[in-house]
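Structural overview for review
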Amino acid sequence: MQFTVLGSGAGLPSKKRHTQSYILDAVDETNQYILIDAGEALQHRILHTSIKPSKVRSIFITHLHGDHIYGLPGFLSSRAHQGGEDLPLTIYGPKGLANWLDITFEISGSRLNYPLSIVEVGHKDCIEIDNFKVHVRLLDHNIDSFLYVFKENDKTGALDPDKLKGIGIEPGPLYAEIKKADVFEFNGETYRTSDFTGPDITGRKISVHGDTRVMAEPEYLSLIDRSDVIVHEATYLDGEQEKAHRYFHSEITSVLDNLKNIDYGALLITHLSNRYEDGFLNELAKELPSGVHLTHDFFEHPILRNSQENK
Ligand SMILES: [Zn+2]
Ligand SMILES: [Zn+2]
């Protein structure tokens, strides 16, 4: 699994940073991509990658500010001509999303050749998609903005051939049947499959924030605790904590302070204002704790299993 930042900028695009979009690449696990937010240049950014729009089967929109959604109608329309015909797509996002898309498609005379579902979500919803449960949590922004916590389903451990050989079962077609069942019989004895498997494999956890002030509620922190990856905005990077709060955004030292009591594998800082020069960003990057990254467009982060333990 991999997390890719397609647009890392806040508010206005610049030549280097486009507005917000991310891809969670779960192609190895489910042959799908999950798209999170759809900033204006989304389609152009995808053209520089190997991402196939037809394999995007779920889209999660954090909130309805333009820097997070103005690329969505174009992406949806183009997907129809990029191998997406008949391949269903579901979009999850705040109330108002369906109305906006309906009006946009009606006025522009756009027609899609695949089934599109739009699901408007709310605080504390839990959504099930292929191989993930997605927890929704309201953040603190000047319009409804959501955190999405993607929790990969746990997998049962693999069969242990040595243990099976111990009771006389050699590798063969019987293994597949044993794996499917909770109990199995062999030579007149009944066995529990769980006695012949390795430990369960814990699913990975990726917590992606929409725009927000820093939030310190214990229930929120426990929701994102032990994430393999946390994606958090820091529109402000130079100590402007009051200003960040006034504008319903976050400043980087407040984000780091807030998260220091929870465990995580990597923290990806995004939604960076364009007013910071490269020299300033390079110096700041050197001072950040290990595992914390100032992202840029096309920043890629592989999500390994148990990465929160390898910090
Ligand atoms: Zn924004
Ligand atoms: Zn916003």
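Every value quoted in this text rests on a predicted model; they were computed, and no experiment measured them.

**Quick look at the coordination of the zinc ion (ligand 1)**
Coordination of the zinc ion (ligand 1) by the protein is provided by Asp67 (OD), His68 (NE2), Asp211 (OD) and His271 (NE2), with metal-donor distances spanning 2.1 to 2.2 Å. For the zinc ion (ligand 1), the four donor atoms in the first shell make angles of 92 to 166 degrees at the metal, so the coordination geometry reads as irregular. Counting residues between consecutive donors of the zinc ion (ligand 1) along the chain gives the motif D-H-x142-D-x59-H. Separating the zinc ion (ligand 1) from the zinc ion (ligand 2) is a gap of 3.5 Å, bridged by aspartate 211, which donates to each.

**Some thoughts on the environment of valine 292**
Mapping valine 292 onto the fold places it in strand S15 (residues 292-294). Taking the relative accessible area as the measure of exposure, valine 292 reaches 8% and is therefore buried. Taking the C-alpha atoms as reference, valine 292 lies 44 Å from arginine 192; in sequence the two are 100 residues apart. Discounting residues that sit within four places of it in the chain, valine 292 has contacts with Leu256, Tyr264, Leu267 and Ile269.

**Overview of the packing of aromatic side chains**
Applying the stated criterion across every chain yields a total of 11 aromatic pairs. Between phenylalanine 146 and tyrosine 148 the ring centres are 6.4 Å apart and the planes differ by 45 degrees, which places this aromatic pair in the tilted class. Each of the two residues, phenylalanine 146 as well as tyrosine 148, counts as buried. Between tyrosine 191 and phenylalanine 196, the aromatic rings sit 5.6 Å apart at their centres with planes inclined by 90 degrees, giving edge-to-face as the arrangement. Phenylalanine 196 shares its class with tyrosine 191; the two are buried. Among the aromatic side chains, those forming a connected cluster through ring pairs are Phe60, Tyr92, Phe132, Phe146, Tyr148 and Phe150. Here arginine 79 stacks its cationic end above the ring of tyrosine 114, 4.4 Å away from the centre of that ring. The positively charged end of arginine 213 is found above the aromatic ring belonging to phenylalanine 248, 3.9 Å away from the centroid.

**What to know about the UniProt feature "binding site: Zn(2+) 1" (unreviewed entry) in the protein chain**
Within this structure's numbering, the places UniProt gives as "binding site: Zn(2+) 1" (unreviewed entry) are His63, His65, His141 and Asp211. The annotated residues occupy 149 residues of the chain but converge on a single region, no pair of C-alpha atoms lying more than 10.5 Å apart. As for its position among the elements, histidine 63 is in the loop between strand S4 (56-60) and helix H3 (66-69). What histidine 63 contacts, discounting residues up to four positions off in sequence, is Asp37, His68, Ile69, Pro94, His141, Ile143, Asp144, Ser145 and Asp211. At 3.0 Å, the side chain of histidine 63 forms a polar contact with the side chain of threonine 62. Along the chain, histidine 65 turns up in the loop between S4 and H3. For histidine 65, the contacting residues outside a window of four places in its chain are His141, Asn142 and Ile143.

**Details of the sheet that holds strand S5 (residues 89-93)**
A sheet is described by the order of its strands in space; here seven strands give the open sequence S6-S5-S4-S3-S2-S1-S16, paired in mixed fashion. In this open sheet, the two edge strands, each paired with only one partner strand, are strand S6 (116-120) and strand S16 (299-302). Each strand axis lies, on average, 20 degrees off the axis of its neighbour in the sheet, ignoring direction. Relative to S6, S5 is paired through five bridges, and the arrangement is parallel. Considered in S6, the bridge of threonine 90 is made with serine 117. The sheet contacts of helix H4 (residues 72-79) involve strand S3 (32-36), S4, S5 and S6, and relative to S4 the element is tilted by about 170 degrees.

**A short note on the pattern of salt bridges**
Going through the model one piece at a time under the given rule, you end up with 12 salt bridges. The salt bridge involving glutamate 29 is made with arginine 204; its shortest N-O contact spans 3.1 Å. Taken together, the residues span a long stretch of sequence, with glutamate 29 in helix H1 (residues 27-30) and arginine 204 in the loop between strand S11 (189-192) and strand S12 (205-209) at a distance of 175 residues. Judged by its relative accessible area of 30%, glutamate 29 is partly exposed. Since its relative accessible area comes to 5%, arginine 204 is described here as buried. Here aspartate 257 makes a salt bridge to lysine 260, at a shortest N to O gap of 3.7 Å. The network of salt bridges with common partners includes Glu29, Glu152 and Arg204.

Procedures and definitions
- Residues numbered from 1 in each chain as written.
- Chains lettered and ligands numbered in written order.
- Predicted model: local features only at pLDDT ≥ 70, side-chain atom pairs only at ≥ 80, totals over all residues.
- Heavy atoms only, no water.
- Donors = N, O, S within 2.8 Å, 3.2 Å for Na, K, Ca; no water.
- Tetrahedral: all angles 85-135°; square planar, octahedral: opposite > 155°, others 65-115°.
- Helix = DSSP H or I, 4+ residues; strand = E, 2+ residues; numbered from the N terminus.
- Buried < 20%, exposed > 50% of the residue type's maximum accessible area, 1.4 Å probe, protein only.
- Contact = heavy atoms within 4.5 Å.
- Phe/Tyr/Trp six-rings, centres within 6.5 Å; stacked < 30°, edge-to-face > 60°.
- Lys NZ or Arg CZ within 6 Å of the ring centre and 35° of its normal.
- UniProt positions renumbered as here; feature names shortened; annotations may be inferred.
- Polar contact = N/O pair within 3.5 Å; in protein donor to acceptor, adjacent residues only side chain to side chain.
- Pairing = 2+ DSSP bridges.
- Axes fitted to C-alpha atoms, helices over the stretch in contact; angles between N-to-C directions.
- Salt bridge = Lys/Arg side-chain N within 4 Å of Asp/Glu carboxyl O.

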